[in-house]
Amino acid sequence: MKLLAGKTAGVTGAGSGIGRAIALILADAGAKVAVTDMHEAAAQQVRDEIIASGGEAMALHLDVTNQNEAHDVVVNMVEQWGRLDIWCNNAGVSTMNRFVDLTSWDWDFNMNVNAKGTFLCSQVVVKQMLTQPPDEDGIRGRIINTASMAGKRGNAPFLAHYVASKFAVLGLTQAMAGEFASEKILVNAVCPGYVRTSMQERELQWEAELRGVSIDDVQRLYIEDTPLGRLETPEDVAKVVLFLASPLANFITGEAINVNGGAWMD
Ligand SMILES: NC(=O)c1ccc[n+]([C@@H]2O[C@H](COP(=O)([O-])OP(=O)(O)OC[C@H]3O[C@@H](n4cnc5c(N)ncnc54)[C@H](O)[C@@H]3O)[C@@H](O)[C@H]2O)c1
């Protein structure tokens, strides 16, 4: 039997990169997946990929900064599938600049999507999970946040505001894990390193400009900073999310698992 047979999962920012890989791996493990993204066409493409390979999925528009939309997604999932077992707060954004040049727009943009978006979605998800009976493993629901190595390591050049937003995600992960442990809602996070996605493509370009070097030079820096000696793939992250989403992780909560090729160890 598949690891997530009979389970339902929602993934934010699932139209590309890490979120797409999470949606695909959860569906492959047997979960019915709500593929959500603020770019609905991208979410629809991932939904189609899942259905083409024999899985079950729906695509829904969700801007994580809009709690009404998050509420609608949860209602939709419960109407269609009866309950909500797994929720992945993955949507995230970044911008880059020297600290002295950061604007309030940079701060608000990063904090609103990465930190506040995680809070807004988690709140409606938890309200639903609290109404559900525990599953066969005694678990009412599982929330998995895509934080970052930058949620543990403040020394990330040109990313002070992003670092603050990801430290916030890890703080929220622990606070929620503590508050809802007695209700058997598990809340964990993954902390990726240098992952090859469209976010990284944008960052390579910005960082090259800020340092006055080439994009290849920056990419070399990322690889040199990674003891396992290569850039990370979205699938490297998704496999750890699958573990946290599964019964293999029934006794883990409040944890933030590094998946970064050794770039940060703690
Ligand atoms: N790429 C990396 O190196 C890296 C490293 C550590 C952590 N992360 C984190 O992983 C997560 C995914 O990043 P990625 O690299 O796949 O980026 P990406 O840009 O490839 O994908 C992000 C997705 O989120 C969506 N999105 C953006 N704002 C949204 C919003 N307000 N509401 C809903 N969806 C929104 C985008 O449309 C996109 O589909 C983010 O939280 C990011 O901070 C990325």
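Residues numbered from 1 in each chain as written. Predicted model: local features only at pLDDT ≥ 70, side-chain atom pairs only at ≥ 80, totals over all residues.

**Q** Can you help me understand the sheet that holds strand 1 (residues 8-11) in this one?
**A** Paired through backbone hydrogen bonds, the strands of a sheet run either parallel or antiparallel to each other. Read from one edge of the open sheet, seven strands run 3-2-1-4-5-6-7, paired in parallel fashion. Sheet topology places strand 3 (57-61) and strand 7 (256-259) at the edges, where each strand pairs with a single neighbour. The average undirected angle you get between the axes of adjacent strands in this sheet is 20 degrees. The pairing of strand 5 (residues 141-146) with strand 6 (residues 185-192) spans six bridges and is classified as parallel. Pairing of Thr 146 across the sheet is with Val 190, part of strand 6. (Pairing = 2+ DSSP bridges. Helix = DSSP H or I, 4+ residues; strand = E, 2+ residues; numbered from the N terminus. Axes fitted to C-alpha atoms, helices over the stretch in contact; angles between N-to-C directions.)

**Q** Could you clarify how one ought to interpret the domain arrangement of the protein in this entry?
**A** Taken domain by domain, the protein consists of domain 1 (8-193 + 238-258) and domain 2 (195-231). The distance between the C-alpha centroids of domain 1 and domain 2 comes to 25 Å. With nine residues of domain 1 at the contact, the number on the domain 2 side is nine residues. (Domains from an automatic or database assignment. Contact = placed C-beta atoms within 7 Å.)

**Q** Mind showing me how you'd approach helix 3 (residues 67-81) here?
**A** In an α-helix, one turn spans 3.6 residues, which is why side chains three or four residues apart end up on the same side. Its 15 residues place the ends of helix 3 21 Å apart at the C-alpha level, agreeing with the 21 Å of an ideal helix rising 1.5 Å per residue. Taken as a whole, helix 3 has its buried residues at Ala 70, Val 73, Val 74 and Met 77. On an axial view of helix 3, the arc spanned by its buried residues comes to 95 degrees, and they lie on one face. Structural note: helix 3 exposes Asn 68 and Glu 79 on the side pointing more than 90 degrees away from its buried face. Positive phi appears at Gly 82, one or two residues downstream of helix 3, with a value of about 90 degrees. (Expected span 1.5 Å × (residues − 1). Buried ≥ 20, exposed ≤ 12 C-beta atoms within 10 Å, placed from the backbone. Arc of directions from axis to C-beta.)

**Q** Please clarify how the site of the ligand should be interpreted in this entry.
**A** Residues in close proximity to the ligand total 30 residues, the closest being Gly 13, Gly 17, Gly 92, Thr 197 and Met 199. Breaking the shell around the ligand down by element, the ones donating at least two residues are helix 1 (17-28), helix 4 (104-131) and helix 6 (198-211). Lining the shell around the ligand are residues from two domains, each supplying at least three of them: domain 1 (8-193 + 238-258) and domain 2 (195-231). (Near = placed C-beta within 6 Å.)

**Q** Would you explain the pairing of strand 2 (residues 32-37) in this entry?
**A** Two faces make up the sheet, and in a regular strand the side chains alternate between them. Summarising burial for strand 2: six of the six residues are buried, a large majority. Both faces of strand 2 are covered, namely the face carrying Lys 32, Ala 34 and Thr 36 and the face carrying Val 33, Val 35 and Asp 37. Note: strand 1 against strand 2, four bridges, orientation parallel. Across the sheet, the residue bridging to Gly 10 is Ala 34, located in strand 2. In this view, the connection linking strand 1 to its parallel neighbour strand 2 by way of helix 1 has right-handed handedness. By the bridge criterion, five bridges tie strand 2 to strand 3 in an arrangement that is parallel. Each bridged residue has a counterpart across the sheet, and for Asp 37 the counterpart in strand 3 is His 61. For the handedness criterion, the β-α-β arrangement of strand 2, helix 2 (residues 40-52) and strand 3 is classed as right-handed. (Right-handed = clockwise from strand over helix to strand, strands pointing away.)

**Q** Where do I start with helix 4 in this structure?
**A** Spanning 28 residues, helix 4 covers 39 Å between terminal C-alpha atoms, matching the ideal 40 Å at 1.5 Å per step. Largest kink in helix 4: about 40 degrees, centred on Asn 112. Of the residues making up helix 4, those classed as buried are Asn 110, Val 113, Asn 114, Gly 117, Thr 118, Leu 120, Cys 121, Ser 122, Val 124, Val 125, Val 126 and Met 129. Packed against the buried residues of helix 4 are helix 3, strand 4 (86-89), strand 5, helix 5 (160-180) and strand 6. (Bend = angle between axes of the 7 residues up to and from the residue.)

**Q** So what exactly am I meant to see when it comes to the packing of helix 4 against helix 5 here?
**A** Two quantities define a packed helix pair, namely the angle between the helix axes and the distance between the axes. Running from N to C, helix 4 and helix 5 point in directions that differ by 15 degrees, and their axes come no closer than 8 Å. Classed by the angle they form, the pair helix 4 and helix 5 counts as roughly parallel. Seen along the crossing, helix 4 lies across helix 5 with a hand that is right-handed. Where helix 4 approaches helix 5, its residues Asp 106, Trp 107, Asn 110, Met 111, Asn 114, Ala 115, Thr 118, Phe 119, Ser 122 and Val 126 are matched on the opposing element by His 161, Tyr 162, Ser 165, Lys 166, Ala 168, Val 169, Leu 172, Met 176 and Phe 180. Its residues placed into classes, the contact of helix 4 with helix 5 shows 11 nonpolar, six polar and two charged. (Parallel < 35°, antiparallel > 145°, perpendicular 65-115°, else oblique. Left-handed = near helix turned anticlockwise from the far one by under 90°. Nonpolar A, V, L, I, M, F, W, Y, C, P; charged D, E, K, R; others polar.)

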